[in-house]
Each structure stands twice: as C-alpha cells, then as structure tokens.
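In case you want the letters, here they are:
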Amino acid sequence: MDRVRKIINAGHAYEKGYYGEEIGVAVLDTGIYPHPDFGHRIACFQDYVRGRVSPYDDNGHGTHIAGIIGGDGGASGGTYMGLAPRCHFIVMKILDHKGNGNTEHVVQAIDWLVQYRKAYQVRIVNISIGMVLHAQSRERARLLQAVEYAWDNDLAVVAAAGNNGPSENSITVPGICRKVITVGCFDDTREQIGRAPLKPYYSGQGPTDHCIVKPELVLPGTNVTSCAPYPAMYAQKSGTSMAAPMVSGAIALLLSKYPQFSPADVKLRLYQRRVDLGLPLSKQGWGMVDIGRLL
C-alpha cells in the first residue's frame, strides 16, 4: 500500500486534512477480521452465511479489501495504511470460506444497506466479487437490479472488473452495470505479475454486450500488501478485487471534502479528473485516479 499511495498521489489528501472521517464504506465480501488497523471503526457486521454476530473472516479476502480502503497501518508503522484511514466499515459477509456466495444474499445485504444507510452514514458500497457472464440470466438480472437500487438510493457502488481478461466483453457481473463504477488493473502485465497466480492481462475488459465502455477506471491491483487475519497480520494479493477498493477509498476522501456529492457527482468528478494512461479504451476506460487531481 505504501507503493500504491505514491502512484495515485494519496498524500495530497492527508496534507489537506482529509482522511475519510464520518464516511461509511460497506464491504460486501468474506467478512472482516478485527485487525488492530481497524481500531473501533467496524461500525456494523452482518453475517448472511452463518448468522454470527461478531466480526470474523474465514477466508481473508474481505479483510484485505477493508485494509486497502481504510486500514490505519498502525501494525506496520504506517507502511500498509489504506487510503481513507478514518472511514468506518459496514461489513456484509455474503461469501463463505471458499469465497462462494449467492445472489440472494447480495440482494438481502443491499436491501439492508439502503434501509440503514442514514443510521450508519453509508456512502459507498464496495463489491470486489463477480459473477461470470454465462450465469443464469435471471440471477444476473437480479444482481444488476440490486446494485442499481443501491445507486439510486444515494450509494456510490464500486465493482471489480473481474480477472477474466484480456478478451473483450470479459467484465464480470455486476461490473457490467452502466451506473456503477467498474474498476480494472493496469499493472496486470507479465512482468509485474511475477509469482501471482494469475495469467498476464487478467483484468476484465469492455465494452459490454450493450456497448458500454468498461471499466471506467484502472488502478494498481497486482501484488498489493494489506491486512490479513491473525496470525499473518498482512498478506499480498492480486486482482481487480484489490483495485476496486482503491477507488472506494479515494471516493471516501472525496466525500470528506465534498459531503454533498451524490453518486452521479462522484462519477462525473472521477471522469473529469482522471489521468489518461494512453492505453486502449477497452483496457483503461477513462484512465487512472490521481487523488491530488480528484480533490
């Protein structure tokens, strides 16, 4: 994360005093381990898999995502600090220990978030999961309807592009939704993957089958070090799952400065202030986030 913060110019936000205070970020994933880097900022935990009350993560994926969004880096002396280290988390455990889940749990979680968004100051929903395009059309439609419902109820939804690239139309669901902000990776080259268990140019690419430009944004996502459940404390992971929470964290910083922004305002601002990387449109969409420019 120390490397990533420099690439996307996160230091500008901290110099101006923006850390994501009072911004609630919902993480729909495998749960969250109560890592010291999260302090007392796990505001709510809902378990749709086993019905447990206390936060836990029997996979590690969700904890890694949350660390990228807003771990404070305390256990690493600040090295692995996330992007919005004073935001708070509303965690929806919708995936089991293998990372598998079902559409019904996603729909239930989003319904809950819409109902309680004001009570928990939820502004952002991070969905670093994806359903393959050939999944049943009814399931796809329900998932897309759910994320649109969240967006239409003032929640900025950020979705991963998936790791099925590099062919066109390889964005996973719900990343194909025209409203949400879909995030891919630009550092998915053979040279940068190294030992990561992914094929080169894994990041999902557009356009969608409805000719929508996707992803909107690309960020670093390969070999990212972030929070992990005990005893590891930190771990390195790769994928568009790691890139999406960087956008969620960036939005939390943006909303610290402009709390009145709607999801549409956020998306327009991301478009206006992006950095063109000179890659094909189907690969990079608009380009990369630069937090200095964004704020």
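Just above, that's the structure.
Before going into details, it helps to say that this report is about the structure given with it. (Residues numbered from 1 in each chain as written. Predicted model: local features only at pLDDT ≥ 70, side-chain atom pairs only at ≥ 80, totals over all residues. Heavy atoms only, no water.)

Once that is clear, we can look at the overall build of the protein chain. The secondary structure content of the protein chain amounts to 10 helices and nine strands. Rg of the C-alpha trace for the protein chain: 17 Å, near the compact-globule value of 19 Å for 295 residues, within the 12% margin. The dimensions of the protein chain, computed from C-alpha atoms along their principal axes, are 45 × 40 × 40 Å. Put simply, the protein chain has 295 residues, and 59% of those count as buried. (Helix = DSSP H or I, 4+ residues; strand = E, 2+ residues; numbered from the N terminus. Rg over C-alpha atoms; globule rule 2.2 N^0.38 Å. Buried < 20%, exposed > 50% of the residue type's maximum accessible area, 1.4 Å probe, protein only.)

Another point: the nonpolar core. One broad rule of soluble globular proteins: the nonpolar side chains tend to lie buried together. If you look at the biggest cluster of nonpolar residues, it comprises 95 residues, and the most contacted ones within it are Leu28, Leu113, Val247, Leu270 and Ile291. Residue contributions to this core peak at 11 residues, all from helix α7 (residues 240–257). Here leucine 28 is in contact with Met92, Ile94, Val106, Ala109, Ile110, Leu113, Val125, Asn126, Ile127, Ser128 and Ile129, once residues within four sequence places are set aside. (Core = buried A, V, L, I, M, F, W, Y, C linked by side-chain atoms within 4.5 Å. Contact = heavy atoms within 4.5 Å.)

Looking along the chain, the bond that leaves glycine 165 and enters proline 166 is cis, with omega of 10°. On the secondary structure map, proline 166 appears in the loop between β5 (156–160) and β6 (181–185). A cis amide bond links lysine 214 with the next residue in sequence, proline 215, at an omega value of -5°. By secondary structure assignment, the location of proline 215 is in the loop between α6 (190–193) and β7 (217–219). We note that asparagine 223 has phi near 55°; this positive angle belongs to a residue other than glycine.

Before going further, it helps to spend a moment on the pattern of salt bridges. Applying the stated rule across the entire model yields 10 salt bridges. Among the ionic pairs, glutamate 216 bridges to lysine 267, the shortest N-O distance being 3.6 Å. Residue glutamate 216 is located in the loop between α6 and β7, and its partner lysine 267 is located in helix α8 (residues 263–272); the two are separated by 51 residues in the primary sequence. We note that glutamate 216, like lysine 267, is buried. One network of salt bridges, with partners in common, ties together Arg50, Asp58 and Lys93. (Salt bridge = Lys/Arg side-chain N within 4 Å of Asp/Glu carboxyl O.)

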